[in-house]
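Inside the fold
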Amino acid sequence: MASSFVVPSLSRSSQTDEKAVVVQMDPVASRRRPSPAETNELLVVLGIPVYKLSPLGQFLTLCSGILSFYLLYGYVQEWIFRTEGLKPFGLYLTLVQFGFYTIFGSVEFRMREDATRRIPLRTYTLLAFLTVSTMGLSNASLGYLNYPTQVIFKCCKLIPVMIGGIFIQNKRYGMIDFSAVVCMSAGLVLFTLADSSVSPNFDKTGVVFISSALCADAIIGNVQEKTMKAYSASNTEVVLYSYGIGFIYLLFCLVLNGGLVDAFRAYAKNPLKTYGLAAVFSITGYLGILFVLALVRSFGALLAVTVTTFRKAISIILSFLFFTKPFTLQYIWSGLVILLGIALNVYSKNYAKINAFFSSKHRSASQSV
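Thresholds, definitions, all that
- Residues numbered from 1 in each chain as written.
- Predicted model: local features only at pLDDT ≥ 70, side-chain atom pairs only at ≥ 80, totals over all residues.
- Heavy atoms only, no water.
- Helix = DSSP H or I, 4+ residues; strand = E, 2+ residues; numbered from the N terminus.
- Buried < 20%, exposed > 50% of the residue type's maximum accessible area, 1.4 Å probe, protein only.
- Areas by Shrake-Rupley, 256 points an atom, 1.4 Å probe, with all protein chains shown as cover.
- Polar contact = N/O pair within 3.5 Å; in protein donor to acceptor, adjacent residues only side chain to side chain.
- Core = buried A, V, L, I, M, F, W, Y, C linked by side-chain atoms within 4.5 Å.
- Contact = heavy atoms within 4.5 Å.
- Salt bridge = Lys/Arg side-chain N within 4 Å of Asp/Glu carboxyl O.
- Patch = residues over 30% accessible without salt bridge, like charges linked within 9 Å, V, L, I, M, F, W, Y side chains within 5 Å.

What follows concerns the overall build of the protein chain. In terms of regular secondary structure, the protein chain is built from 13 helices and four strands. Per-residue burial for the protein chain yields a buried fraction of 50% across its 369 residues. With the model as given, the accessible surface of the protein chain reaches about 17800 Å², and the carbon-plus-sulfur share is 67%.

So this is what it looks like as structure tokens:
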């Protein structure tokens, strides 16, 4: 059976915004040791030969890329929705984002030695619809919610993912997983109540949008995992066809509801700024994915989850520092409850490695004594 790592991050997102990224490994290659050429190819990011660095150098380089690109991604995203006249046009921003991702995916896919589509187009029509739902609703939610509230909701993606895993893949979960869901749910309710009490911009519509986006993301994560295992397709192929077909969906939807013309006029008032921000938003999101994938390949999913979660925490702090908004201490302790849930989730997925690590440390300390 093919193996895969699931990494919470981008928005495909954003998922680049940290929607889940699935790294599919070839079923045959997973049974043998990769050649030096294969390993070196996996560890070259944006032309940087990461494989030539020491383990510490690799870790610092990849973490720097993740933090730099995704922090800028979050900052620009909030900047766009705080720009006068752009808040109602989250779907149009998603259309522009999908256009950029399609171009990037096409270039990357054509650079591969095996540029053959493996997954049927019928399956991609479903994946594209789910991708449009999760990213479109996620971007649109910022028209009704504070950026920190949206990020907090994204941190709790485990809840719908777990439900989707039970019904779609018949997965079973332990008590630690359910405890993590309880902590995340409680923290999410408390954070939302705090936001509704102090934020003049709070709107229940935003909660519906971001909750629906997470549900679509949960479905797409499970469907994508099953599909990539069945067809041994690459992540690049999935990105290209999901976003390419999704672009057509979005264009049709905006033309049908009449929103395309209004959005185009709003962005055309200051095209250098609006499209410039949209370009930076798309480029940083896509580049962030590359560094996340490289970190997974080099150090595993556990460390990648830790780094991306740390990034989200910094994004929330920077949001309060750079953009004026009301604040309450309830944000802090409700956020800590959610972090506890994330920690429990990470432990439940990697308890063997974590226990082995601390056991080795304990043995080393005992021997030194």
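A few words now on the side chain of arginine 311. One can find arginine 311 in helix H12 (residues 301–322). Residue class for arginine 311 comes out buried when judged on its relative accessible area of 2%. Within the local environment of arginine 311, its side chain forms a polar contact with the side chain of serine 315, the two groups lying 2.8 Å apart.

Take the nonpolar core next. By size, the foremost hydrophobic cluster in this structure holds 67 residues, and its most contacted members are Val45, Leu62, Ile66, Ile80, Tyr92, Leu93 and Tyr267. Ranked by residues supplied to this core, first place goes to helix H11 (residues 271–299) with 13 residues. The contacts of isoleucine 80, once residues within four sequence positions are left out, are Leu86, Leu93, Tyr267, Leu277, Ala278 and Phe281. Among the nonpolar cores identified, the runner-up in size contains ten residues, and Ile119, Leu127, Ile220 and Ala233 belong to it.

Glancing now at the side chain of threonine 274. Inspection of the secondary structure assignment puts threonine 274 in helix H11. Judged by relative accessible area, threonine 274 falls into the buried class, the value being 5%. A distance of 3.5 Å separates a polar side-chain atom of threonine 274 from the backbone oxygen of proline 271. Setting aside anything within four residues of it in sequence, one finds threonine 274 in contact with Leu86 and Tyr267.

The next point concerns the pattern of salt bridges. All chains considered together, the criterion is met by one salt bridge. The shortest N-O distance in the salt bridge between glutamate 78 and arginine 82 comes to 3.3 Å. Highlighted residues: glutamate 78 and arginine 82, both in helix H2 (residues 55–82), separated by four residues, approximately one helical turn. Of the residues examined, arginine 82 reaches a relative accessible area of 40% and is grouped as partly exposed.

A surface patch of nonpolar side chains, about 670 Å² in accessible area, is lined by Leu72, Tyr75, Trp79, Val280, Ile317, Leu321 and Phe322. Inspection of the secondary structure assignment puts tryptophan 79 in helix H2. Residue tryptophan 79 is classed as partly exposed on the basis of its relative accessible area of 33%.

Limitation: the analysis is restricted to geometry and does not speak to function.
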